[in-house]
Amino acid sequence: MATITQPVKTQTVATPRPPLSLARILIYTFLIIFAIASVTPFVYMVMNSLKTYGSTITNNLWPWPPFGTEALQFQNYPDAIKEAGIDRSWNIPLIYRYFLNSLITVSLTVAGVILTSVMAAYALANMDLPGKNWVFLFILATIMVPGDLTLVPKVVMMFQLKWYNTYAALIIPFLASVFGIFLMRQFFLQIPRDLFDAALIDGAGHLTYLFRIVVPLSRPAIVTTALLNFIWTWDSFKWPLLVTKDANMRVLAVGLQQFVQSEGGTETHLMMAFATMVTLPIIILYFFTQKYFQQGVISTGIKG
Amino acid sequence: MATGTAVNSVSVKGETSVRRQKRLREVALGYALLAPALLILLVFQVFPVFYGLYISACDWRLTCREFIGFGNYTRAFQDSEMWHSLGVTATYALISVPIQLGLGLFIAYLLFQKIRGQQAFRVLVFLPYITSTVASAAIWSQLYSPDKGLINAALKGIGLQPLKWLGETQGIFGLMAKTVGLTLPGWASGPPLALVSLIIYTTWVFVGYDITIFLAGLGNIPADLYDAAKVDGASGWRLFRYVTFPLLSPTTFFLLIFTVIGTFQAFNHIYVMTQGGPADATKTASILIFEQYFQFNRAGYSAALSFILFAVILVLTVIQNRYAGSRVVYD
């Protein structure tokens, strides 16, 4: 497997770029159109979040100066927050509560996943344990179980554990990640064994070695696991919809969907403002860290 | 290791028991490190499979009210809604998987031709994959909106008839025939436009992912193989057909399995955009399973449906392994 510290190889043939021909102009045109199509919905979202209701429904593409007379409607953001309602228990706007719920869920899940993955991967990669290959096979086999199959029993379990409508239901079932264990294990296997022997001479045990040497060395793998789990958890919708009931336990994705269902269907400009608030943090995070995202995705895709 | 120097038996014994104790401690530590991950996976991934099997054999209201064996399954097989939803799911997968993979491979291959700005392009097309599904599905619902959507505004702008998109139950071929004045019989009118609209959205989301994986696969093909084929006079299409495509087959195969499983479980965007409507035109198995539990509180029936869907996915994966898997070239 390609280590994730290396840049992804995409151009292996070391010949100079061919000159521009008609075929290449066609290729560029096609690719540019495709790239525009990828981002247009997001541009549309941000633009419509700054228009009046009237301009969104008449598809006035640019209602602002110099072509129009409208001012940028920043007011849509506080309006959307107001429209979504108030969380009576904490006395803050519900949207803030959705943000907090998402942040609590995501940060605890990601931290937990990193911890359990690092520990399990270390045992699998660096320790001499009887039966560890079977354990690894078992862990890999669990990804064969599709999420739909276990959906209903897991929700029933949440009721029986009295976790329904609590953070525990949103977090605890996701505190282990096969992907995380797999990726970390691959990474740990590449750390030279000599380092461990040297640490041993200095009197370090497994735990000291793991947290003082292996973890700092594995930052790329840890960052990749953290980022991918971050967007997966941020994106999760079906599970939070099933295991939470009260408005103040909703995460952002569920809150947005409920908003679309009720007010947002009619008040497009406010819905777009809400959607922008949900999406923009992720887009900004992505642009700063996109290298890790792509390499993480590739390392899940190309195994062996 | 005990060295070969003269050591009496007592100290050897003492040494081995010390070592055994150390070894035991290491094994205990190792399994302690594995325990949290294993526990979570066992409780929330493995156990629910068996628990779900049990629930599916029950008339379930908070607890097993009555054990009815295969009752839920026999009911499911007689339920026309289940067959309909499997049909919708199959149509959805059958159209969207080849389009996604074909387009992904095509664009990846174009990008691989030493394109300027390749990196920037990859960053942009990957964007839909990483952003929140609910948010992007909500945006697309607005784009598709019959009276205020951007797409219909564009169609009107170029003098075409606006369409109902997500609200359209008529088949796409039927709609096309209508524009030239023909009326097609129901069986020939093709998949409903609502379903096709969802497929367009799905393609928009996943093509960036497919391109990324295909590009990595293309990068792993050794350059000397291309050179050798060129020496033999291959170029253009033949180079792709006889060198690139076979050597890329492990990547393609992985994506195929992954995408089929993914489309069979597609839920979030369908729920946000259509909730299975209009008139069940987009009610996939995944939506039906959810609805049976969430709206009608039929846990047993819903669990039975999910086992049936799982069986279908399993059979499909085995078939793909048999037929596509045998064509995969591993070097």
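Along every chain, residues carry numbers that run from 1 in the direction the sequence is written. Working convention: letters from A go to chains and numbers from 1 go to ligands, in the order in which they are written. Local features are withheld for residues below a pLDDT of 70 in this predicted model, meaning they are given only at 70 or higher, and side-chain atom pairs are given and counted only at 80 or more; totals for whole chains, interfaces and linings count all residues. Values shown for side chains rest on all heavy atoms present in the structure; no hydrogens or waters enter the calculation.

Student: In this structure, what is going on with the overall build of chain A? I would like to understand it.
Tutor: By the criteria applied, helices consist of DSSP H or I runs no shorter than four residues and strands consist of E runs no shorter than two, each listed in order from the N terminus. Helices and strands together make up the secondary structure of chain A, namely 14 helices and two strands. The C-alpha atoms of chain A give 24 Å as radius of gyration, which overshoots the globular expectation for 304 residues (19 Å, by more than 25%). By its C-alpha atoms, chain A is 75 × 65 × 40 Å across when sized along the principal axes. Note on exposure labels: buried denotes an accessible area under 20% of the residue type's maximum, exposed denotes more than 50%, and partly exposed covers the range between, all computed with a 1.4 Å probe on protein chains only. Looking at chain A residue by residue over its 304 residues, the buried ones come to 53%. Positive charges come from Lys and Arg alone, negative charges from Asp and Glu alone, with His and the N- and C-terminal ends not counted. We put the charge of a Lys on NZ, of an Arg on CZ, of an Asp on CG and of a Glu on CD. Separation of charge centres in chain A, based on 19 positive and 13 negative side chains, amounts to 7 Å. With C-alpha atoms as the basis for the radius of gyration, the globule rule is written as 2.2 Å multiplied by the number of residues raised to the power 0.38.

Student: Help me understand the overall build of chain B, please; the structure alone is not making it clear to me.
Tutor: Looking only at helices and strands, one finds 13 helices and two strands in chain B. A compact globule built from 331 residues would reach a C-alpha radius of gyration of about 20 Å, whereas chain B, at 28 Å, exceeds it by more than 25%. With residues, only the protein chains shown are counted as cover, and all accessible areas are computed by Shrake-Rupley using a 1.4 Å probe. Accessible surface computed for chain B: about 15,900 Å², of which carbon and sulfur atoms make up 66%. Taken as two groups, the 23 positive and 15 negative side-chain charges of chain B have centres that lie 5 Å from each other.

Student: What should I look at first to understand the interface of chain A and chain B in this one?
Tutor: By convention, interface size is frequently given as the accessible area that disappears when the constituent parts associate. Facing 102 residues of chain A, the contacting portion of chain B comprises 93 residues. Each of two parts loses accessible area, computed with a 1.4 Å probe, when they are put together; buried area is these two losses added. In this assembly, chain A packs against chain B so that about 9,000 Å² is buried in total across both faces, 73% of it on carbon and sulfur atoms. The rule for a salt bridge is simple: a side-chain nitrogen of Lys or Arg has to be within 4 Å of a carboxyl oxygen of Asp or Glu. Summed over the shared surface of chain A and chain B, the result is one salt bridge. Residue B:Arg23 pairs with A:Asp128 through a salt bridge whose shortest N-O separation is 3.6 Å. Between N or O atoms, a polar contact is any pair within 3.5 Å; within protein, one atom must be a potential hydrogen donor and the other a potential acceptor, and residues adjacent in sequence are included only when both atoms are from side chains. There are 19 residue pairs in polar contact (both at pLDDT 80 or more) connecting chain A and chain B. With 17 residues, the top contributor of residues to the side of chain A that touches chain B is helix H14 (residues 268–301) of chain A. Residue contacts are counted whenever heavy atoms from the two residues lie within 4.5 Å of one another.

Student: Which parts of the structure should I look at to understand the state of the cysteines?
Tutor: By definition, a disulfide links the sulfur atoms of two cysteines through a covalent bond. Residue and element names in this part refer to chain B. In what follows, a disulfide is any cysteine sulfur pair within 2.5 Å. In total, this model carries one disulfide over all chains according to the counting rule given. In this model cysteine 58 forms its disulfide with cysteine 64; the gap between the sulfur atoms is 2.0 Å. Judged by the sign of its S-S torsion, about -95°, the bond between cysteine 58 and cysteine 64 is left-handed. On the basis of relative accessible area, cysteine 58 is assigned to the buried category, the value being 1%. Residue cysteine 64 is classed as partly exposed on the basis of its relative accessible area of 24%.

Student: Would you mind going over the pairing of strand E1 (residues 58–61) of chain B with me for this structure?
Tutor: It is a general feature of regular strands that their side chains alternate between the two faces of the sheet. Residue and element names in this part refer to chain B. Residues Cys58 and Trp60 of E1 are buried on one face, while the alternating residues Asp59 and Arg61, pointing to the opposite face, are not. Pairing analysis gives four bridges linking E1 to strand E2 (residues 63–67), with the strands arranged antiparallel. Paired with cysteine 58 across the two strands is phenylalanine 67, which belongs to E2. Any two strands with at least two DSSP bridges between them are considered paired. In this antiparallel pair of consecutive strands, E1 and E2, the connection spans one residue, and leucine 62 shows a positive phi of 65°.

Student: How should I be thinking about the confidence of the model for chain B in this particular structure?
Tutor: Low pLDDT means the predicted coordinates in that region are not meant to be read closely. For chain B, the mean per-residue pLDDT works out to 88, and 95% of the residues sit at or above 70. Low pLDDT (under 50) marks residues 1–7 of chain B, which in the prediction has four contacts with non-local residues, meaning those over four places away or in another chain. For every residue, the predictor assigns a confidence score, pLDDT, that lies between 0 and 100.

Student: Would you take a moment to explain the nonpolar core for this structure?
Tutor: Burial of nonpolar side chains together is a common tendency in soluble globular proteins. As used here, the term nonpolar core means buried Ala, Val, Leu, Ile, Met, Phe, Trp, Tyr and Cys residues forming a set that is joined through side-chain atoms within 4.5 Å. The biggest cluster of nonpolar side chains holds 190 residues, and the ones touching the most others in it are A:Tyr122, A:Phe188, A:Phe237, B:Phe121, B:Ile130 and B:Ile211. For this core, the leading source of residues is helix H8 (residues 193–219) of chain B, giving 15 residues. The contacts of B:Ile130, once residues within four sequence positions are left out, are A:Ile231, A:Ile282, A:Tyr286 and A:Phe293.

Student: What is the right way to look at the pattern of salt bridges in this model?
Tutor: Once the charged atoms of two side chains with opposite charge are near each other, the side chains can pair. Residue and element names in this part refer to chain B. Scanning the model with the defined rule gives seven salt bridges over all chains in all. Here lysine 283 and aspartate 280 are joined by a salt bridge, their closest N and O atoms 3.3 Å apart. A residue is classified by how much of its surface remains accessible, and lysine 283, at 5% relative accessible area, is buried.

Student: Please clarify how the packing of helix H1 (residues 22–48) of chain A against helix H4 (residues 118–130) of chain B should be interpreted in this entry.
Tutor: Axes here mean lines fitted to C-alpha atoms, for a helix over just the part in contact, with angles spanning 0 to 180 degrees between N-to-C directions. Two numbers describe how H1(A) lies on H4(B): the axes approach to 8 Å, and their chain directions differ by 40°. For the element pair H1(A) / H4(B), the angle class is oblique. The interaxial crossing formed by H1(A) with H4(B) has left-handed handedness. Residues A:Leu31, A:Phe34, A:Ala35, A:Ser38, A:Val39 and A:Phe42 of H1(A) lie in contact with H4(B), whose contacting residues are B:Phe121, B:Leu124, B:Val125, B:Leu127 and B:Pro128. Ten residues, namely Ala, Val, Leu, Ile, Met, Phe, Trp, Tyr, Cys and Pro, are considered nonpolar, four, namely Asp, Glu, Lys and Arg, are considered charged, and the remaining ones, Gly among them, are considered polar. When grouped by side-chain class, the residues that make up the contact of H1(A) with H4(B) number ten nonpolar, one polar and no charged. Orientation categories follow fixed angle ranges, with anything under 35 degrees roughly parallel, anything over 145 roughly antiparallel, 65 to 115 roughly perpendicular, and all other angles oblique. For a crossing to be left-handed, the near helix must be turned anticlockwise from the far one by less than a right angle; the clockwise case is right-handed.

Student: Quick question: what am I supposed to make of the packing of aromatic side chains here?
Tutor: By convention here, two paired aromatic rings are described through the distance between centres and the angle between planes. Ring pairs are drawn from Phe, Tyr and Trp, using the six-membered ring of Trp, whenever the two centres fall within 6.5 Å, and their geometry is named by plane angle: stacked under 30 degrees, edge-to-face over 60, tilted for the rest. Counted according to the given criterion, the structure contains 42 aromatic pairs over all chains. With a centroid separation of 5.6 Å and an interplanar angle of 75°, the aromatic rings of A:Phe30 and B:Phe106 are classed as edge-to-face. One end of the pair, A:Phe30, is in helix H1; the other, B:Phe106, is in helix H3 (residues 80–112), on a second chain. Here the aromatic residues A:Tyr286, A:Phe287, B:Phe126, B:Tyr129, B:Phe206, B:Tyr209, B:Phe254 and B:Phe258 are joined through ring pairs into a cluster of three or more. By the criterion adopted, a ring carries a charge over it if an Arg CZ or a Lys NZ lies within 6 Å of its centre and within 35 degrees of its normal. Above the face of the A:Trp90 ring, A:Arg97 is positioned so that its terminal group lies 3.7 Å from the ring centre. The cationic tip of A:Lys291 hangs over the ring face of A:Tyr292; the distance from NZ or CZ to the ring centre is 5.1 Å.

Student: Help me understand the side chain of B:Thr133 in this model?
Tutor: Assignment of secondary structure puts B:Thr133 in helix H5 (residues 133–144). Once residues within four sequence positions are removed from consideration, B:Thr133 is found in contact with A:Asp235, B:Tyr201, B:Asn268 and B:His269.

Student: Where do I start with unusual backbone geometry in this structure?
Tutor: With glycine set apart, most residues show a phi of negative sign, and most peptide bonds adopt trans. Residue and element names in this part refer to chain A. At the junction of proline 65 and proline 66, the peptide bond is cis and its omega measures out at 5° in the coordinates. By the element assignment, proline 66 lies in the loop between helix H2 (53–57) and helix H3 (76–83). Within the chain, asparagine 91 stands out as a residue other than glycine whose phi angle is a positive 60°. Counting through the fold element by element, asparagine 91 comes out in the loop between strand E1 (86–87) and strand E2 (92–93).

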